Amino acid sequence: MNKSIVGILLVVMLSGCSGLSTRQKNAATGAAIGGVAGAVLTGGSSFGTVGGAAIGGVIGHGVDSVSKRK
């Protein structure tokens, strides 16, 4: 049940990103994936969820810079 809710929220969040730049979309996607991964790895801990979202956002933001260098 919780996974379904997270999946629906992820789809809704990403559909609201139509006016964002590629870098902003990557950061939002990274934060969402990192938050879910952090929650799963820490058993639903809020600290793990927030930490995963922060790390995922930073990585997602940097993805655009790496791909432009190639």
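Here the structure is a predicted model, which means the values were calculated and not measured.

**Section: the overall build of the protein**
Each helix and strand in the protein was counted, giving 3 helices and 0 strands. Put simply, the protein runs from its N terminus to its C terminus through helices and strands in the order α-α-α. Within the protein, residue pairs in contact and separated by at least 24 positions form 45% of the contacts whose partners lie at least 6 positions apart. A total accessible area of about 4900 Å² is found for the protein, and carbon and sulfur atoms account for 70% of it.

**What about the environment of valine 36?**
Structurally, the position occupied by valine 36 is in helix 2 (residues 22-41). A relative accessible area of 37% places valine 36 in the partly exposed class. In the structure, valine 36 is positioned 33 residues away from lysine 3 in sequence and 9.2 Å away in space, judged by C-alpha atoms.

**Here's the deal with helix 2**
The first and last C-alpha atoms of helix 2 sit 28 Å apart over 20 residues, in line with the 28 Å expected at 1.5 Å per residue. Just beyond helix 2, the residue with positive phi is glycine 43, at close to 70°.

**Comments concerning the environment of valine 63**
Structurally, the position occupied by valine 63 is in helix 3 (residues 46-69). Sequence separation between valine 63 and glycine 30 is 33 residues; the distance between their C-alpha atoms is 9.3 Å.

**Thoughts on the confidence of the model for the protein**
On average, residues of the protein score 81 in pLDDT, and 86% of them are at 70 or above. Across the protein, element-level confidence peaks in helix 2 with a mean pLDDT of 88 and bottoms out in helix 1 (residues 2-15) with 77.

**Observations regarding a nonpolar patch on the surface**
Together, Val6, Val36 and Val40 line one region of the surface with nonpolar side chains, adding up to about 230 Å² of accessible area. Along the chain, valine 6 falls in helix 1. Given the relative accessible area of 36%, valine 6 is considered partly exposed.

**Some remarks on the environment of threonine 29**
One can find threonine 29 in helix 2. According to the relative accessible area criterion, threonine 29 is partly exposed, its value standing at 28%. Along the primary structure threonine 29 and histidine 61 are separated by 32 residues, whereas in three dimensions their C-alpha atoms are 9.2 Å apart.

Each value, and the rule that gives it
Residues numbered from 1 in each chain as written. Predicted model: local features only at pLDDT ≥ 70, side-chain atom pairs only at ≥ 80, totals over all residues. Heavy atoms only, no water. Helix = DSSP H or I, 4+ residues; strand = E, 2+ residues; numbered from the N terminus. Contact = heavy atoms within 4.5 Å. Areas by Shrake-Rupley, 256 points an atom, 1.4 Å probe, with all protein chains shown as cover. Buried < 20%, exposed > 50% of the residue type's maximum accessible area, 1.4 Å probe, protein only. Expected span 1.5 Å × (residues − 1). pLDDT = per-residue confidence, 0-100. Patch = residues over 30% accessible without salt bridge, like charges linked within 9 Å, V, L, I, M, F, W, Y side chains within 5 Å. Salt bridge = Lys/Arg side-chain N within 4 Å of Asp/Glu carboxyl O.

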